[in-house]
Amino acid sequence: MMQQPTTHARPYRTAEPDRDMATETNGIKFRTKDVKAWYGDNQVLHDVCMGIEEKEVTAIIGPSGCGKSTFIRCLNRMHEMITNARVTGAIELEGQDIYDPAIDPVLLRRRVGMVFQKPNPFPTMSIRDNVLAGLTLTRSKKRDQGDAIVEKALKQAALWDEVRDKLDARGLSLSGGQQQRLCIARALAVEPEVLLMDEPCSALDPIATARIEDLLHDLRDRYTIVIVTHNMQQAARVSQKTAFFLQGELVEVDETNTLFTSPQDKRTEDYITGKFG
Amino acid sequence: MNQHTARDYEQELQNIRGALLEMAGRVEEMIADSGRALLERDVNLAKQTIATDQQVNRAEVEIDEACLLILAKRQPMASDLRFVTLVMKMVTDLERIADLAVNICERTLDLANAKVIVHASIPTMSDRTQNMVHLAIEAFVEQDEAKAKEVIALDDKVDELYHQVFEDLLVQMHKEPELLHDWIHVQSVAKWLERMADHTTNLAEMVIFMVAGHDIRHPHVQKARAAESG
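Report on the accompanying structure. (Residues numbered from 1 in each chain as written. Chains lettered and ligands numbered in written order. Predicted model: local features only at pLDDT ≥ 70, side-chain atom pairs only at ≥ 80, totals over all residues.)

**A word on helix α2 (residues 43-74) of chain B**
All names here are of chain B. Selection criterion: Each helix corresponds to a stretch of at least 4 residues labelled H or I by DSSP, and each strand to a stretch of at least 2 residues labelled E; elements are numbered beginning at the N terminus. In a helix, the anticipated span is given by 1.5 Å times the number of residues less one. Buried residues are those with 20 or more other C-beta atoms within 10 Å of their own C-beta, exposed residues have 12 or fewer, and partly exposed residues lie in between; C-beta atoms are placed from the backbone. Here contacts are defined at the residue level, using C-beta atoms placed from the backbone and a cut-off of 7 Å between them.
Relative to the 46 Å expected for 32 residues at 1.5 Å per residue, α2 spans 47 Å between its end C-alpha atoms, a close match to the ideal helical length. Inspection of α2 places Ala46, Thr49, Ile50, Thr52, Val56, Ala59, Glu60, Ile63, Cys67 and Ile70 among the buried residues, and these make up the whole buried set. Here the buried face of α2 lies against α1 (7-39) and α3 (78-110). Looking one or two residues beyond α2, the residue adopting positive phi is Gln75, at roughly 45 degrees.

As structure tokens, then:
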């Protein structure tokens, strides 16, 4: 069972110690405070306090099992969907606690979309219906504007030119890289504010990866993007901020250019230079 | 210090470090030998030193190539990235220092039978410059920021000596205009030693960046950039 986050009576403190987390959201899309997460008795996140800048790409790196995927799954309340998983602490989206009982998780996930490691188009649906699936699930009235939405989302996902003549073909007929861009189009169709990406290129070849990275470059002016990646060069290429997680702790978060050239924490240095374990 | 999980990578970095140290040692010797050749008008030593430059040139090419391969194959990060990119810059400065030692040796050949005497401060400049290279490389090996800063401070002493030599040589040129050609050769030697010290200062600045991660070159530029970025 998911445990509701604790309510803090006093103003929260984050990495920016002079700011009041509860009242100031200037430029910060997400603020997390003392986020802890468990799978059963296994605690996988320990007191993560982090601000995520609006309309930037934030990369999250760290070794397997460090909690990076769990962390982003907490950002749109997907963590709680796993049996015996729970989370405590506070996560605010533009100053609003996303674990407030009044928040509808389905509507939250419209604002905070997610793209997964393995492309997962709905196998029986056409390309068009895949793009519109999110709107259907959330019963959006915009469903009526289907064609325009499909075209816009596919263009944003840099897939339109490749599929415009076969929108009724099955999503699974596309290549792996195209399928992943279809999933991104599906996520964009509901016009989210934040896009969470959990190793979106790990199943793709270098060319398909380059297309996704190009896409991230195009999208970052309009969306807040958080990408989990094992590929440090990818993190260095696509993000403005990078956070390093280790054993469930946020070790360091900094400008990407700084973190990959002169990290402050020796654990970060050891990880990114390959001196780990 | 922890070693890299990939042993080949660790070995590649160690190989580059070893090759750089060997190159630096050779350059130190060239400074010492060029100074001694000039002072003792030792034409053979001058010629040997000129020939040694080929080894330094070869080291520059091979170290650059090894660094390029590491950049392509390993995509180094953080201190490794600073190490590899700075080694590429350091070999350029070391190679330039060796070229300047060659210049001194060539002037030694020109001055072999000249009547002019080498200014008394020139051997001192040569010793100090050689010492600066030695200290800079020690700072590199020991990752010692303080030692690198010591090198930068020593450059001022070499500059002072150069200005003194320059003034003294001007007087000599006025006194003995018929030897002007030879005095200009001597002045050139002093200038090249001063340039060697400048290149060595570059080495020390790179060591500081490698060790501490902050770039201390051109403070006014750094300040202007900081002001621009707010």
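There's plenty left to go through after this.
**Let's talk about the pairing of strand β2 (residues 42-53) of chain A**
All names here are of chain A. The line we're drawing: When DSSP finds at least two bridges between two strands, those strands are taken to pair.
Looking at chain direction, strand β1 (residues 28-39) and β2 are connected through 8 bridges and run antiparallel. The residue bridging Trp38 from the neighbouring strand is Gln43, located in β2. From the end of β1 to the start of β2, which pair antiparallel, there are 2 residues, and Gly40 there has a positive phi angle of about 60 degrees.

**Some remarks on the packing of α1 of chain B against α2 of chain B**
All names here are of chain B. Where we set the bar: The axes are straight lines fitted to the C-alpha atoms, using for helices just the contacting stretch, and the angles between their N-to-C directions are given from 0 to 180°. These descriptions rest on fixed angle ranges, namely under 35 degrees for roughly parallel, over 145 for roughly antiparallel, 65 to 115 for roughly perpendicular, and the rest for oblique. Less than a right angle of anticlockwise turn of the near helix away from the far helix marks a crossing as left-handed, whereas a clockwise turn marks it as right-handed. Amino acids outside the nonpolar list (Ala, Val, Leu, Ile, Met, Phe, Trp, Tyr, Cys, Pro) and the charged list (Asp, Glu, Lys, Arg) are all regarded as polar, and Gly is one of them.
Close contact between α1 and α2 brings their axes to 9 Å; oriented N to C, the two are set at 160 degrees. Taken together, the axes of α1 and α2 lie roughly antiparallel to each other. In the packing of α1 onto α2, the handedness of the crossing is left-handed. Each residue belonging to the contact of α1 with α2 can be placed in one class, and the counts come to 16 nonpolar, 5 polar and 7 charged.

**What about the nonpolar core?**
For clarity, the cut-off: Linking buried Ala, Val, Leu, Ile, Met, Phe, Trp, Tyr and Cys residues through C-beta atoms within 7 Å yields a set, and such a set is a nonpolar core.
Grouped together as the largest cluster of nonpolar side chains are 142 residues, with contacts concentrated most on Ala185 of chain A together with Val27, Ala136 and Val207 of chain B. In terms of residue count, the dominant contributor to this core is helix α6 (residues 180-212) of chain B (16 residues). Setting aside residues up to four positions removed in sequence, Ala185 of chain A forms contacts with Val131, Ala153, Leu154, Gln156, Ala157 and Leu159 of chain A.

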